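One letter stands for each residue in the lines below.
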Amino acid sequence: MAAAQPAPSPTPQDAAPTPASLSLLSIPGDTPEDADSYWLREVYQGDRLPQFTVRAVLMGSVIGAITCATNLYAGLKTSMAFPVAITAALLAHATHGALRRVAPGVSGTPLSPLETCSAQAVASSAGYATGGALVSVQGAWLLTTGSHPPGWALLAWTFLLSALGVFFAVPLKRRLVDHEQLPFATGTAAAATIRALHATGSEARPRLRMLGLGGLVAGLVTATREGLGRLPYAFPFPGALGGMPLERLGFALETSLLPVGAGALLGLRLTASWLLGAVLIHGLVAPRVFAAGLVPAEGSYVDFLGWSLWPGAAALTTASLLHFALQGRVLGRALRGLVSRRASPPHPVDALQVPRRWLLAGLAVLTPATLAVAHVGFGVSVPHAALAVALSFVLCLIACRVTGETDANPVGALGQVTQVSFGVLLPRNVTANIATSGITVNAASSAADLLSDLKTGHLLGANPRRLFLAQLFGSAVGAAAVVPLFYLLVPDSSALGGERFPAPAAAITAGMAKVLSAGLSTLEPATRAAVGWAALVAAVLTLAERLLPERARRWVPSPLGLGLACLLPASTALGLFLGALGAAVARRLRPDSEGRVVTLAAGLIAGEGLVGVAIVLGQALW
């Protein structure tokens with residue numbers, strides 16, 4: 001098949017979004033090739049509309065610097081990060097609209113949907129440049145060693161690992177985004193938000209109304225809870241299980257509407273599996289873990305989550321790797337295509353992807369640079385740093401698939417996998433354990449974020465090569481903004497662990513490194529047994545998903561949902577399920593309500609994110 005030819009320059013009447021790019025949530029097609037052809041013919045508009053423009057990059061850079069700063073502050077306070085993509089799209093559109101009213105001659109024409117998409121890609125990448133690594137890994141380094149690494153080393157480390165994650169995601173894009181069309185709920189919600197902002201005619205008003213309604217309700221609830229302190233974060237359930245109050249086990253009704261919006265996008269099967277896992281893990285297993293003394297008897301569900309990370313990481317790792325193994329031929333072809341000069345006849349869509357020479361050149365530059373910084377700046381030997389980079393690529397596969405299916409990037413659990421590996425390879429070397437964990441956390445965050453942004457662009461018809469460049473540029477912006485701020489907020493180890501910056505993620509990572517520095521033998525036998533059972537259950541469910549008939553397959557619990565139940569409170573699982581249930585009921589009662597449901601869900605996510613970021617920023621400045 002012939003390669004794609006450059007599209008002609010758009011005429012004025014052509015320079016408008018295509019109907020398909022403003023409506024579809026998935027690309028139709030009986031085969032991957034059919035889906036590619038339909039997308040190129042009906043959805044793609046990267047050669048018709050402006051996309052990767054100077055004004056989009058500048059707005060994305062400013063918004064990204066703000067969001068990465070607020071995420072750093074929130075992470076040091078609570079270990080939570082706010083979603084960036086939807087917030088960035090709204091801020092970019094609103095900011096440019098304000099500029100057009102104030103200085104129409106300077107701001108130019110309205111942003112195109114693809115320019116808004118590029119701006120949110122730059123901002124999202126910058127916001128993820130922290131990747132949880134500064135909050136958890138670098139905080140743990142400071143707590144363990146008592147001093148910061150050199151400034152140049154941390155700056156280079158943050159950028160190199162973020163960029164490396166972006167490159168790691170490139171070979172996975174065609175499979176996970178284009179062909180399997182995984183939900184990537186935040187990416188889908190960002191696309192719905194951009195569509196609502198740019199919709200015209202009869203479609204614009206109901207979409208904007210639902211987007212505004214969701215944002216207003218979620219924003220008011222967030223302001224009442226976090227700004228005024230007039231609303232509790234959750235209403236605990238009465239009663240007990242296994243002799244323990246449900247409140248201590250984490251069973252409650254959260255007032256956060258963000259999980260509700262995410263659940264509406266993730267679907268009923270996954271969220272029902274998540275809730276089932278929460279009932280099993282937090283309701284049945286947790287009381288026995290407390291009774292056995294594996295966690296402090298006077299502790300709460302937060303202490304239990306520190307223990308349940310182990311079986312959760314085992315379940316997620318087993319399910320994701322087995323899934324890829326069962327599709328080994330597809331993955332093998334993708335990887336062989338990176339190094340082989342012979343290739344199958346290309347589809348015209350292939351001409352729009354990131355070129356193989358870019359990928360190979362980027363990896364050839366970034367990998368040695370990462371190894372050098374790891375050795376000189378963090379004292380990790382070159383062979384062990386190389387092993388950590390290779391392991392991080394495998395874990396990026398897991399992070400991208402789990403994020404695509406569940407919208408929850410399990411970087412904490414994957415960092416634990418790296419810590420376990422180097423606890424065996426380098427016993428009693430705490431600093432190497434922490435530094436190699438940072439490679440995984442930062443790379444996996446950036447890889448999953450790139451695919452989420454590419455999902456947004458795929459639904460809008462954007463050029464994937466230009467989104468890749470936007471993401472790479474955002475990595476540099478985020479590193480330049482967040483690293484100096486980290487030194488400013490955390491000048492020494494005394495800044496962590498107090499009332500202002502409790503830094504729970506840093507404390508957990510540092511504690512885990514100290515435990516693992518003596519090897520896996522320090523784990524309790526019951527914990528090792530739980531890891532084995534979790535891996536076995538995940539393997540059985542993954543095989544059932546693959547081998548059972550279609551009618552029976554939909555009743556098989558999702559192994560990813562069960563694994564994630566180990567990493568988050570039961571109250572969050574309930575919020576996700578309620579969102580999915582509400583969306584399913586709305587679709588059943590009104591089959592034509594799909595677009596409004598998605599836009600309302602996007603509004604719930606964006607409203608809480610915007611107001612939450614504003615509150616954190618206000619607390620930081622005043």
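Computed from a predicted model, the values in this text were never measured in an experiment.

(A) Main features of the pattern of salt bridges. By the definition in use, this model includes 13 salt bridges. Note that Asp178 is salt-bridged to Lys173, the shortest N-O span being 3.0 Å. One exposure class covers both Asp178 and Lys173, and it is buried. Note that Glu180 and Arg401 form a salt bridge whose closest N and O atoms lie 2.7 Å from each other. Taken together, the positions of Glu180 in the loop between α7 (151–179) and α8 (185–198) and Arg401 in helix α15 (residues 382–406) put the pair 221 residues apart, joining distant regions of the chain. A relative accessible area of 22% places Glu180 in the partly exposed class. Through salt bridges with shared partners, a single network forms among Asp36, Lys173, Arg174, Asp178 and Asp350.

(B) Spotlight on the confidence of the model for the protein. Looking at the protein, pLDDT values average 81 and 84% of them are 70 or higher. By mean pLDDT, helix α13 (residues 328–339) is the weakest element of the protein at 50, and helix α14 (residues 356–378) is the strongest at 93. Taken together, the stretch residues 1–14 has pLDDT below 50 and engages in 12 contacts with residues farther than four places along the chain or on a different chain.

(C) Fine view of the nonpolar core. Ranked by internal contacts, the top residues of the largest apolar core, which has 140 residues, are Leu72, Trp157, Phe378 and Leu451. Counting residues per element, this core draws most heavily on α7, which supplies 15 residues. What Phe378 contacts, discounting residues up to four positions off in sequence, is Gln138, Trp141, Pro149, Ala153, Trp157, Val373 and Ala435.

(D) Here's a closer look at helix α20 (residues 525–547). The end-to-end C-alpha distance of α20, which contains 23 residues, comes to 33 Å, matching closely the 33 Å that a straight helix rising 1.5 Å per residue would cover. Among all positions in α20, only Thr527, Ala530, Ala534, Ala538, Ala539, Leu541, Thr542 and Ala544 are buried.

(E) Spotlight on the environment of Val221. Following the sequence through the fold, Val221 ends up in helix α9 (residues 204–227). A sequence separation of 35 residues divides Val221 from Ser256, and the C-alpha atoms of the two residues are 7.6 Å apart. Not counting residues within four places of it along the chain, the set of residues in contact with Val221 comprises Leu231, Thr255 and Leu257.

(F) Broad picture of the packing of helix α3 (residues 85–102) against α8. Between α3 and α8, the shortest axis-to-axis distance is 8 Å and the interhelical angle comes to 20°. For the element pair α3 / α8, the angle class is roughly parallel. Relative to α8, the crossing made by α3 is right-handed. Across from Ala85, Ile86, Ala89, Leu90 and His93 in α3, the residues of α8 making contact are Thr186, Ala189, Ala190, Thr193, Ile194, Leu197 and His198.

Conventions used here
- Once a new chain begins, its residue numbering starts again from 1 and follows that chain's sequence as written.
- Restriction of local features to residues with pLDDT of at least 70 applies here, the model being predicted, together with a cutoff of 80 or more for giving and counting side-chain atom pairs; totals for whole chains, interfaces and linings are based on all residues.
- Only heavy atoms go into the side-chain values, all of them from the structure, while hydrogens and water stay out.
- Note on definitions: salt bridges are taken to be side-chain nitrogens of Lys or Arg within 4 Å of carboxyl oxygens of Asp or Glu.
- Each residue's exposure class comes from its accessible area (1.4 Å probe, protein chains only) as a fraction of the maximum for that residue type: buried when under 20%, exposed when over 50%, partly exposed otherwise.
- Counting from the N terminus, the helices are the DSSP runs of H or I reaching at least four residues and the strands are the DSSP runs of E reaching at least two.
- Per-residue confidence from the predictor is given as pLDDT, running between 0 and 100.
- Contacts were defined at the residue level, with two residues in contact if any of their heavy atoms lie within 4.5 Å.
- What makes a nonpolar core is a set of buried Ala, Val, Leu, Ile, Met, Phe, Trp, Tyr and Cys residues whose side-chain atoms join them at distances within 4.5 Å.
- Working rule for helices: expected span equals 1.5 Å times residues minus one.
- Here an axis means a line fitted to C-alpha atoms, over the contact stretch when the element is a helix, while the angle between two N-to-C directions is reported on a 0 to 180 degree scale.
- Geometric relationships in this document are graded by angle, where less than 35 degrees denotes roughly parallel, more than 145 denotes roughly antiparallel, 65 to 115 denotes roughly perpendicular, and other angles denote oblique.
- In a left-handed crossing the near helix is turned counterclockwise from the far helix by less than a right angle, and in a right-handed crossing that turn is clockwise.

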